[in-house]
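Residues per chain are reported as follows:
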Amino acid sequence: MSASNPAGSGSGAVREPPFAPDWWARAGWLLLAAYVVYALSTLDFTWQRFVEGLAHAQKFLARMLPPSFEQWEAILKGMKESLEIAVLASAGGIALALPLGLLAARNLMPAGVSWTARAVIALCRAFHPVIVAIVFVKAIGFGAMAGIMALVVASVGFIGKLFAEAIEEISLKQVEAVRASGAGFMNVIAYGVLPQVLPRFIGFATYQFDSNVRNSTMVGIVGAGGIGAPLFVAFQRFDYDVVCTILLAIIAVVFACELVSTRIQKVFAQ
């Protein structure tokens, strides 16, 4: 008596592929590729222009070197102002984003409160800091104040959203345990919520400070203070060696801030 074959082992059995093709995903990739080709054609992107641009970039870089340090006092003053703008904007943005992010958390607040707070956060995140800086320059005039206000808005939009999402991911058991002890609302936040999100919040805050250092160099281009104004003037005067010096100064400051931020995160992670 012959042994019975297992199901599907016969010669006439049709084996299904181990991974079924996802035709919707393939269609999506094809549509994306078609749109990329269409966008390149409408934006007049050609290989000839790209090659010519490389040649122009080589000439531009040759004019930037060696860097000129003749205007180091103005550059130092601009970098100092950019750092001050970044520090003040980060402090103000964090101070506003903390309560706003708490109000936006859907697991702690009523729907009406959370959606209203989320709408404010989305509004702060809707525009690039340079656009917001232009608005503040028109409203309160040229100078560092406009840059600080613009970066405060950007900080609230970024940190408020991430802080709200971090709160929504916490374990509610610790929150309920603090409530069961008869603690008030602020004590629940201090002992039930903040300990769970503090390490992540420190990471959000340090990243936003890094971002504000970079953005403080851009808002100055539209008159909102910082090193951006000397950089824009150097471009207009074709002083590319000065431009190189300013760019090197910006890179050095960003690297220094990155080292400080990493050290702060390690301290709070211990």
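Numbering of residues starts from 1 in every chain and runs along the sequence as written. Note on the predicted model: pLDDT of at least 70 is required for a residue's local features to be given, and 80 or more for side-chain atom pairs to be given and counted; whole-chain, interface and lining totals, by contrast, use all residues. The side-chain quantities take in all heavy atoms of the structure and omit both hydrogens and water.

Please explain the overall build of the chain as it appears in this structure.
Counting secondary structure elements, the chain contains ten helices and zero strands. Going residue by residue from the N terminus, the α and β elements of the chain occur as α-α-α-α-α-α-α-α-α-α. C-alpha extents for the chain along the principal axes are approximately 100 × 70 × 35 Å. Think of it in three bands: residues with accessible area under 20% of the maximum for their type are buried, residues over 50% are exposed, and the middle band is partly exposed, with areas taken using a 1.4 Å probe on protein chains only. The buried share of the chain, reckoned over its 270 residues, is 33%. Only DSSP runs of H or I with at least four residues qualify as helices, and only runs of E with at least two residues qualify as strands; both kinds are numbered from the N terminus onward.

Honestly, the confidence of the model for the chain in this entry has me stumped. Any pointers?
Where the model shows low pLDDT, its predicted coordinates should not be examined in detail. Summary statistics for the chain give a mean pLDDT of 81 and a share of 91% for residues scoring 70 or more. The predictor's confidence in any single residue is recorded as pLDDT, a number from 0 to 100. At the level of individual helices and strands, the chain shows its lowest average pLDDT in helix α7 (residues 172-180), which scores 76, and its highest in helix α4 (residues 111-124), which scores 88.

Could you clarify how one ought to interpret the environment of Ala183 in this entry?
Among the structural elements, Ala183 can be located in the loop between α7 and α8 (185-219). According to the relative accessible area criterion, Ala183 is partly exposed, its value standing at 25%. Every residue pair with non-hydrogen atoms within 4.5 Å of one another is taken to be in contact. Those residues in contact with Ala183 that sit more than four places away from it in its chain are Val178 and Val188.

Where do I start with a nonpolar patch on the surface in this structure?
Each patch groups residues whose relative accessible area exceeds 30% and which form no salt bridge, using 9 Å between like charges and 5 Å between nonpolar side chains of Val, Leu, Ile, Met, Phe, Trp and Tyr. For accessible areas, the Shrake-Rupley method is used with a probe of radius 1.4 Å. Any residue's cover is judged against the shown protein chains and nothing else. Salt bridge criterion: a side-chain nitrogen from Lys or Arg within 4 Å of a carboxyl oxygen from Asp or Glu. Together, Trp29, Leu32, Val36, Leu40, Phe45, Trp47, Phe50, Val51 and Leu54 make up a nonpolar patch on the protein surface, roughly 970 Å² of accessible area in all. Put simply, the parts of the chain that give the nonpolar patch at least two residues each are α1 (23-42) and α2 (47-64). Topologically, Leu32 is positioned in helix α1.

What is the right way to look at the side chain of Asn215 in this model?
Counting through the fold element by element, Asn215 comes out in helix α8. Note on Asn215: relative accessible area 12%, which makes it buried. What Asn215 contacts, discounting residues up to four positions off in sequence, is Pro129 and Leu151.

Where do I start with the pattern of salt bridges in this structure?
Side-chain pairs of opposite charge can arise whenever the charged atoms involved come near each other. Following the criterion strictly, the structure yields three salt bridges and no others. Close ionic contact of Glu84 with Lys80 constitutes a salt bridge, the shortest N to O distance being 2.6 Å. Here Glu84 and its partner Lys80 are both found in helix α3 (residues 72-104), four residues apart, which amounts to about one turn of the helix. Judged by its relative accessible area of 37%, Glu84 is partly exposed. Residue Glu165 is joined to Lys161 by a salt bridge in which the shortest nitrogen-to-oxygen separation is 3.0 Å. Here Glu165 pairs with Lys161, and both are found in helix α6 (residues 144-168), just four residues apart, close to one helical turn. Given a relative accessible area of 29%, Lys161 falls into the partly exposed group.

What am I meant to see in the packing of α3 against α4 here?
Axis geometry follows a simple rule: fit a line to the C-alpha atoms, using only the stretch in contact for helices, then measure angles between N-to-C directions, giving values from 0 to 180 degrees. The interhelical angle for the contact between α3 and α4, taken along N-to-C directions, is 135°, at an axis separation of 7 Å. Of the possible angle classes, the one that applies to α3 and α4 is oblique. Along the contact surface, α3 presents Leu100, Leu103 and Ala104, while α4 presents Val113, Ser114, Ala117, Arg118, Val120 and Ile121. Oblique is the label for any angle not covered by the other classes, which are roughly parallel (under 35 degrees), roughly antiparallel (over 145) and roughly perpendicular (65 to 115).

It is not clear to me how the side chain of Thr245 should be interpreted in this structure. Could you clarify?
Along the chain, Thr245 falls in helix α10 (residues 240-269). Setting aside anything within four residues of it in sequence, one finds Thr245 in contact with Pro67, Ser68, Phe69 and Ile75.

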